[in-house]
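Residue-level structure breakdown
Spelled out from the first residue to the last, the chains are:
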Amino acid sequence: MSPSAPNLILTNAHVLTLDPARPRASAVVISGGRIAWVGERHRLSPATISAARLMDCGGQIVVPGFIDAHCHALAYAASLIAVDCAPPAVSTIGDIIHAVCQRAQRTPNGDWIRATGYSEFDLYEKRHPTRWDLDRAAPNNPVRLNHRSGHACVLNSAALSRVGICPDTDEPPGGTIARDLNTAEPNGLLLEMDAWLEDRIPPLGDAEMHDGASQASERFLMQGVTSVQDATPSNSLERWDALRRLKAQKTFTPTLSVMPAAAHLDEFVANNLRFGDGDEISGLAHAKIMLTRSGGSLFPSENDLSAIIAHAHGHGFPVAIHAVEADTVIAAAKALEANHAPGLRDRIEHASECPPAALDALLNARPVVVSQPRFIHDSGSRYLKEFGADAGWLYRFKTLTDGGIVLAAGSDAPVSRPNPIIAMHAAVARRAGSGEIIGSTERLTPMQALTMHTSAAAYAACMESEAGTIAPGKRADLAILTDDPTGASPETLLNIGVATTIVNGRIAWQA
Ligand SMILES: [Zn+2]
């Protein structure tokens, strides 16, 4: 217990601690940003009570602050100030042209316009916009329109010329420059080229980034999220510094774990930065590796993947491998099994498609799996169309949990908007926003869904001694909810609101 006096006591609360040693309590004492004591209010001495500020929770539910175990903080910040091209803001390519055109009218000629959130599946035309569509919207500005997945984007002609893409440009490894079928001219659509574009498109200005990051921070806090793990595959030393600046300026309130990109790991090592380095408010996490399927083959190849994992392990970094498709999940799990390093807690991000062979590989390798339940809510209807009867092999949360795999949840923001309550509902009900059920045998209990967003998410980042449960000595990161998510039916789960969010013992947000 911290030696300093208690400064905040939550009373009249239903505390769900997620701590097996004391699952429930009615009071929490906070001191110096830490949880000092958890128990029943009548056990508190009058002296303790009179020394602190009392917060009467009115019988509401106190849970560990939600942890978003996989998001992209800077991209989310940028998305909040970009032209919104996600439904319901747009439903046709014409709507996108209109929205970008409006932004062009108040943007100086030659300045970049950023737009984000489209998905060809959601558009009436069922196709990606092209450079020529965007040229109509903003002929005098370079335009970058990001796909909702974060793995594709469309550039207009001015933007293609700024980044140096012409008909004979070679594709970078793993990337695809889509072309017009008749003329072979690049049509503006670029797949898996974010890291390549990173070096060629100027970052947002400080003022814009500050504005976006404070909006992102507010949105995390209003959903009860007190910590986020940034899994951006282009995280360089420069981005780490940018994120640390946003934390130091108190622009971004949730605690931040930043995964260095495996491709940039040597920059960190050369600067004597190691796994877990940082401070109370931001730390260095797993080395992030992208494993994708491009033109029928894996990128990186299985041999290269092994070498990248061994290199990260050699520097003391566990790895987090992005693997969505079944063959990438299998290759990632096998590579982790072959490169197992005692004491390093590797993870696989997404593990979306899990037919039996992928499941076997995961259960053999036993990585932590960090997945995105909210995708079932957002994209369930598309999954049913694309996968048909095999949609039940997507996001196999119950099978993985029953198999003893630690399963944590992330929003993948900006891919989906951070909202742990909707994500928990998706994990429990397996129901798309449009009503269809996806894989009803993979339903989790509400407690398992809560665990994914709290204690398991802390474990995924090796932060279990700091966060994820309400226990003495841990950071006082808490969310106060209007109702008990573990007692709720799937229907009532969606009605639960966040009343208060406490970060490091301070009230950071209140409804
Ligand atoms: Zn992601």
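Residues numbered from 1 in each chain as written. Predicted model: local features only at pLDDT ≥ 70, side-chain atom pairs only at ≥ 80, totals over all residues.

**Quick look at the nonpolar core**
Residues V28, V62, V329, L362 and A408 are the most contacted members of the largest nonpolar core, which totals 161 residues. Apart from the residues lying within four places of it in its own chain, the contact partners of A408 are A69, V368, V370, M452, A456, A457 and A460. (Core = buried A, V, L, I, M, F, W, Y, C linked by C-beta atoms within 7 Å. Buried ≥ 20, exposed ≤ 12 C-beta atoms within 10 Å, placed from the backbone. Contact = placed C-beta atoms within 7 Å.)

**Quick notes on the pairing of strand β27 (residues 506-510)**
Judged from the four bridges that link them, strand β26 (residues 498-503) and β27 form a sheet pairing that is antiparallel. Residue pairing in the sheet places I502 in a bridge with I507 of β27. (Pairing = 2+ DSSP bridges. Helix = DSSP H or I, 4+ residues; strand = E, 2+ residues; numbered from the N terminus.)

**Describing the packing of helix α11 (residues 326-338) against helix α12 (residues 356-365)**
Across the interface, α11 lies against α12 with an axial gap of 8 Å and an inter-helix angle of 20°. Compared by their axis directions, α11 and α12 come out roughly parallel. Note on packing geometry: the crossing formed by α11 with α12 is left-handed. Contacts between α11 and α12 pair A326, V329, I330, A333, K334, L336 and E337 from the former with A357, A358, A361, L362, N364 and A365 from the latter. Across the contact of α11 with α12, the residue classes tally to 10 nonpolar, one polar and two charged. (Axes fitted to C-alpha atoms, helices over the stretch in contact; angles between N-to-C directions. Parallel < 35°, antiparallel > 145°, perpendicular 65-115°, else oblique. Left-handed = near helix turned anticlockwise from the far one by under 90°. Nonpolar A, V, L, I, M, F, W, Y, C, P; charged D, E, K, R; others polar.)

**Things to note about the pairing of strand β11 (residues 143-147)**
When you tally the buried positions in β11, you get five out of five residues, the bulk of the element. Burial of the side chains of β11 extends over both faces: V143, L145 and H147 are buried on one face and R144 and N146 on the other. With five bridges connecting them, strand β10 (residues 113-118) and β11 associate as parallel partners. Looking at β11, one finds that R114 is bridged to R144. Each parallel crossover has a hand, and for β10 linked through helix α4 (residues 131-137) to β11 it is right-handed. Here β11 pairs with strand β12 (residues 152-155) via three bridges, running antiparallel. From the neighbouring strand, N146 faces β12, where its bridge partner is C153. In this structure, the hairpin formed by β11 and β12 is closed by a connection of four residues, where G150 is found at a positive phi of approximately 80°. (Right-handed = clockwise from strand over helix to strand, strands pointing away.)

**Focus: α12**
Taken together, the buried positions of α12 are occupied by A358, L359, A361, L362 and A365. Within α12, the buried residues cover an arc of 160° as seen down the axis, which keeps them to one side. Residues of α12 that are exposed and point over 90 degrees away from its buried face: P356 and N364. Check the buried side of α12 and you find it contacts α11, β23 (368-371) and α14 (397-402). Once α12 finishes, R366 follows within two positions and takes phi at roughly 55°, a positive value. (Arc of directions from axis to C-beta.)

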